[in-house]
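One-letter residues, chain by chain:
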Amino acid sequence: MKCYDIAIVGAGPGGYTAGIQAANLGFTVVIIEGGDIGGTCLNKGCIPSKTFLKYVKDLDQWNSNTLSSKNSNYNHSLDQIMVKKSKVISSLRNGIQTWLSENKVELLQGKAIVQTNNRIKILSNGNYQELKAEHIILANGSRPNIPDIPGLDKINYYTSDTIFELEELPSSIVIFGGGAIGLEIATTFHNIGLDVYVVEVGDRILPSEDKAASDYLYRSMVEQGIHVYTSAEVIDCSEGGILSIKYDGQIFSIDAEAVMVATGRIPNTSGIESLPIEYDAGFVKVNESMETSIPSYYAIGDLIGGYQLSHAAMIEATNAIQHISGKAVNKKSLIPRCIFTSPEVASIGKTEEQAIHSGYDIITTKVDLGSQNNKGFMKTIANKKDEKVLGVVMVGPYVTEMISQPASLLELEGRVEELGCTVFPKPAISKLIREGNQVYQERFIL
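Residues numbered from 1 in each chain as written. Predicted model: local features only at pLDDT ≥ 70, side-chain atom pairs only at ≥ 80, totals over all residues. Heavy atoms only, no water.

A. Spotlight on the overall build of the protein. Of regular secondary structure, the protein possesses 12 helices and 24 strands. Classification of the 446 residues of the protein by burial places 48% in the buried group. Put simply, of all contacts in the protein between residues at least 6 apart along the chain, 59% involve residues at least 24 apart. (Helix = DSSP H or I, 4+ residues; strand = E, 2+ residues; numbered from the N terminus. Buried < 20%, exposed > 50% of the residue type's maximum accessible area, 1.4 Å probe, protein only. Contact = heavy atoms within 4.5 Å.)

What follows is the structure, encoded as structure tokens:
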């Protein structure tokens, strides 16, 4: 039986980050992956989604900027988008595989069945092999949550794992779920030209984000022609995408060619079912060092809940490796939250609602992001007592890039004054960060 210092289950962002960092510290490392390298983000989530979005934006920009009507008839071709998506994914997969190889991280393909006593069985092509590791890191990822919707089990539907494998574009789609995943896909398909319906059972979209951002995005999507129903109850759904929903006290039907379920993701516990491990609300429970209730077993990424984002999994991977190597674990990092809708939404730290709930006496500022072409706003939430910034939320063009500056300030426990004093280049949109926080200080802006 082969033995390693560290065995990692899952080659997603958390898994391969942990593997490379551990190898660079001199550990012998193996990663076991039952599917494709790169995990959900690369193969089924953020990368395909952003490829679709970028392709559509590029074509729209070409068509709007072209000087010749003869050249302005490029259309959104599903075949072209799929070819581009496949090339991007293949290139990134190869890059990760090369990266692992160069850092001497062994990669085994197969289903990992994690056992006690630091052993893992691997099933591949009907054959088993077994290995042992001093430390085991579980990075199993997640799978789509499928709610109990009347009639859903009788129809064909897509999830976030399958939506980017479309063989042909439908003319219309209904999406169950008004969270980040559902809204990004709604924006993408609306821009391609589909008639899009979003059905959310909660009283607003983006329920975990600041209400001001949620309300602004809702109005923007409706203005664009996307049908958004909140506080909606699905009465029944049938083949062909015909749904009966209860909305605003009335029952009516939605007729759509395709249905997608985007009601969150749940941990993938396949292969760890027999472990006597402690869970919290369905997710593997860990401490700040990513240790589970089983000594020398760690867990990271979607498996432990929290922000199910690639960059969150990578920070968690670093914390696990730091602890295994005997180094101090970094303090809990603030995770930027970016939603690539139209307009974009980005935030860091606490929302206004969360700050109030935490007992802070707060003061907020909210400023528009400028001209007609730069619609949106920036909102700063600060502790009134010492003016420390507790959170920032931004809605508008390029805010997923701009949020990095407030993120740095929050990590340093900075104050509103420091955002207002920082000089940003003009006419870059980032200058609005300064202007917004100078409003807080009641200073005149030239």
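B. Representation of the sheet that holds strand S22 (residues 362–368) in the model. Ordered in space as S20-S21-S24-S23-S22, the 5 strands form an open sheet in which the pairing is antiparallel. Among the strands making up the open sheet, the edge pair consists of strand S20 (337–339) and S22. Between one strand and the next, the sheet's axes are offset by a mean angle of 10°, whatever the strand orientation. Of the strand pairs in this sheet, strand S23 (residues 377–383) and strand S24 (residues 389–396) are connected by 6 bridges, and their pairing is antiparallel. From the neighbouring strand, Lys379 faces S24, where its bridge partner is Val393. (Pairing = 2+ DSSP bridges. Axes fitted to C-alpha atoms, helices over the stretch in contact; angles between N-to-C directions.)

C. Quick look at the packing of aromatic side chains. Throughout the structure, instances matching the rule amount to 4 aromatic pairs. Both rings, one in Tyr16 and one in Trp99, keep their centres 6.1 Å apart while their planes meet at 55°; by these two values the pair is tilted. With a gap of 83 residues between them, Tyr16 in helix H1 (residues 13–24) and Trp99 in helix H4 (residues 78–102) connect regions that are remote in the sequence. A relative accessible area of 11% places Tyr16 in the buried class. Looking at Trp99, the relative accessible area reads 41%, which means it is partly exposed. What links up through ring pairs into an aromatic cluster is the set Tyr229, Tyr247 and Phe252. One residue, Lys121, lies across the ring of Tyr128, its end atom 5.8 Å from the ring centre. Lying across the ring of Phe377, Lys366 places its NZ or CZ 4.5 Å from the centre. (Phe/Tyr/Trp six-rings, centres within 6.5 Å; stacked < 30°, edge-to-face > 60°. Lys NZ or Arg CZ within 6 Å of the ring centre and 35° of its normal.)

D. Spotlight on the sheet that holds strand S10 (residues 195–199). Overall, parallel pairing links the 5 strands, which are arranged S8-S15-S9-S10-S11 in an open sheet. Of all strands in the sheet, those bounded by a partner on one side alone are strand S8 (158–159) and strand S11 (227–229). In the packing of helix H5 (residues 180–192) onto the sheet, the strands contacted are strand S9 (172–176), S10 and strand S15 (258–261), and the crossing angle to S10 comes to about 165°.

E. Structural context of helix H10 (residues 404–411). Of all the residues in H10, the buried ones are Pro406, Ala407, Leu409 and Leu410. Mapping the buried residues of H10 onto a view down its axis gives an arc of 160°, with all of them on the same face. Directly after H10, the chain includes Glu413, whose backbone phi takes a positive value near 55°. (Arc of directions from axis to C-beta.)

F. Up close: the packing of H1 against helix H7 (residues 310–324). Interhelical geometry of H1 versus H7 gives an angle of 35° and a closest axis separation of 8 Å. Where H1 crosses over H7, the two elements pack in a sense that is right-handed. Residues Pro13, Gly14, Tyr16, Thr17, Ala18, Gln21 and Ala22 of H1 form the contact with H7, whose participating residues are Ser310, Ala313, Met314, Ala317, Thr318 and Ile321. Classifying every residue of the contact of H1 with H7 by side-chain character gives 8 nonpolar, 5 polar and no charged. (Left-handed = near helix turned anticlockwise from the far one by under 90°. Nonpolar A, V, L, I, M, F, W, Y, C, P; charged D, E, K, R; others polar.)

G. Summary view of a negative patch on the surface. Residues Glu167, Glu168, Asp255 and Glu257 make up a contiguous surface patch of negative charge. By the element assignment, Glu168 lies in the loop between S8 and S9. By relative accessible area, which is 62% here, Glu168 ends up exposed. (Patch = residues over 30% accessible without salt bridge, like charges linked within 9 Å, V, L, I, M, F, W, Y side chains within 5 Å. Areas by Shrake-Rupley, 256 points an atom, 1.4 Å probe, with all protein chains shown as cover. Salt bridge = Lys/Arg side-chain N within 4 Å of Asp/Glu carboxyl O. Lys, Arg positive; Asp, Glu negative; His and termini not counted. Charge placed at Lys NZ, Arg CZ, Asp CG, Glu CD.)

H. The arrangement of H7 in detail. Under the 1.5 Å per step criterion, the end-to-end length of H7 is 21 Å for 15 residues, consistent within 8% with the ideal 21 Å. For H7, the full list of buried residues reads Ala312, Ala313, Glu316, Ala317, Thr318, Asn319, Ala320, Ile321, Gln322 and Ile324. Along its buried surface, H7 packs onto strand S1 (2–9), H1, strand S6 (127–138) and strand S19 (297–299). (Expected span 1.5 Å × (residues − 1).)

I. Broad picture of the environment of Gly39. Tracing the chain through its elements places Gly39 in helix H2 (residues 39–43). In contact with Gly39, other than residues within four places in its own chain, are Ala11, Gly12 and Lys44.

J. Fine view of the side chain of Asp161. Tracing the sequence through the fold places Asp161 in the loop between S8 and S9. Separated by 3.0 Å, the side chains of Asp161 and Arg265 make a polar contact. Ignoring any residue separated from it by four or fewer positions in sequence, one finds Asp161 in contact with Thr40, Lys44, Pro144 and Arg265. (Polar contact = N/O pair within 3.5 Å; in protein donor to acceptor, adjacent residues only side chain to side chain.)

K. A look at unusual backbone geometry. Of note, the bond from Ser342 into Pro343 is cis; its omega dihedral lies within 30 degrees of zero at 5°. The residue Pro343 is located in the loop between S20 and strand S21 (344–349) in this model. Unlike most non-glycine residues, Asn125 shows phi in positive territory, near 55°. Among the secondary structure elements, Asn125 is positioned in the loop between strand S5 (119–124) and S6. A positive phi angle is found at Met290, which is not glycine, with a value near 75°. Residue position: Met290 is located in the loop between strand S18 (283–284) and S19.

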